[in-house]
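Chain and residue survey
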Amino acid sequence: MIMPVAGVALEAVSAMDTETSASTVATHAIATFRSVNYKVQVTQGTDYYQSEINVVHDGSTAYISEFGMINTDPSGFSNPTFSATISSGNLLLQVAMASNASATIKVLSTATTV
């Protein structure tokens, strides 16, 4: 029998538009959550990008690893750049696009408590 893991939260999908400057696409309280797994989808026109991102923090520094990247147009769509930081007690996942074209970012996250 598989039992749910205590302290795991599933965040709803959210969407936002962004440009070349870093924009926050997900926020989690560092006092509550130690690590987060994100599934991210980026839509820019008719091009699509998807990846998974793992983030863990020690209370002052965020550590990030992105993997499983797939892009429907590798020659015409520059992959977004993801980063993680801590600000005002929150773990922030941020994205910057390579071009000024507007993109829609959808994020699904699973966060594990401290």
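Here, every reference points to the structure presented above.
The shown structure was predicted, so the numbers you read here are calculated from the model rather than taken from an experiment.

Quick notes on the side chain of glutamine 94
Within the secondary structure layout, glutamine 94 lies in strand S7 (residues 90-96). Taking relative accessible area as the criterion, glutamine 94 reaches 17% and is therefore assigned buried. A polar contact of 3.1 Å, which involves the side chain of glutamine 94, links it to the side chain of threonine 24. Among residues more than four places away in sequence, those in contact with glutamine 94 are Ala22, Ser23, Thr24, Thr81, Phe82, Ser83 and Thr85.

Some thoughts on the pattern of salt bridges
A full pass over the atoms with the stated rule returns 1 salt bridge. The salt bridge involving lysine 39 is made with glutamate 52; its shortest N-O contact spans 2.9 Å. Of this pair, lysine 39 sits in strand S3 (residues 33-44) while glutamate 52 is found in strand S4 (residues 47-57), placing the two residues 13 residues apart along the sequence.

Things to note about the pairing of strand S6 (residues 81-87)
Relative to S7, S6 runs antiparallel, the two being bridged by 7 bridges. Looking across to S7, one finds that isoleucine 86 is bridged to leucine 91. Counting the residues in the hairpin turn of S6 and S7 gives 2 residues, including serine 88, whose phi is positive at 50°.

Some points on the environment of asparagine 37
Tracing the sequence through the fold places asparagine 37 in strand S3. Along the chain, asparagine 37 and alanine 111 lie 74 residues apart, while their C-alpha atoms are 6.4 Å from each other. Filtering out sequence-adjacent residues up to four positions away, asparagine 37 remains in contact with Glu52, Ile53, Asn54, Phe67, Leu108, Ser109 and Thr110. A polar atom in the side chain of asparagine 37 sits 2.7 Å from the side chain of asparagine 54.

About the cut-offs
Each residue is numbered by its place in its chain's sequence as written, counting from 1. In keeping with the predicted nature of the model, local features appear solely for residues at pLDDT of at least 70, side-chain atom pairs appear and are counted solely at 80 or more, and the whole-chain, interface and lining totals rest on all residues. Processing note: side-chain calculations cover all non-hydrogen atoms of the structure and skip hydrogens and water entirely. The secondary structure listing takes helices from DSSP runs of H or I that are at least 4 residues long and strands from runs of E that are at least 2 residues long, numbered from the N terminus. Think of it in three bands: residues with accessible area under 20% of the maximum for their type are buried, residues over 50% are exposed, and the middle band is partly exposed, with areas taken using a 1.4 Å probe on protein chains only. Identification of polar contacts relies on pairs of N or O atoms within 3.5 Å, with a donor-acceptor requirement for protein atoms, meaning one able to donate a hydrogen and the other able to accept it, and with residues adjacent in sequence counted only if both atoms are side-chain atoms. Two residues form a contact once any of their heavy atoms are found within 4.5 Å. A side-chain nitrogen of Lys or Arg and a carboxyl oxygen of Asp or Glu constitute a salt bridge if their distance falls within 4 Å. A pair of strands is labelled paired if DSSP reports no fewer than 2 bridges between them.

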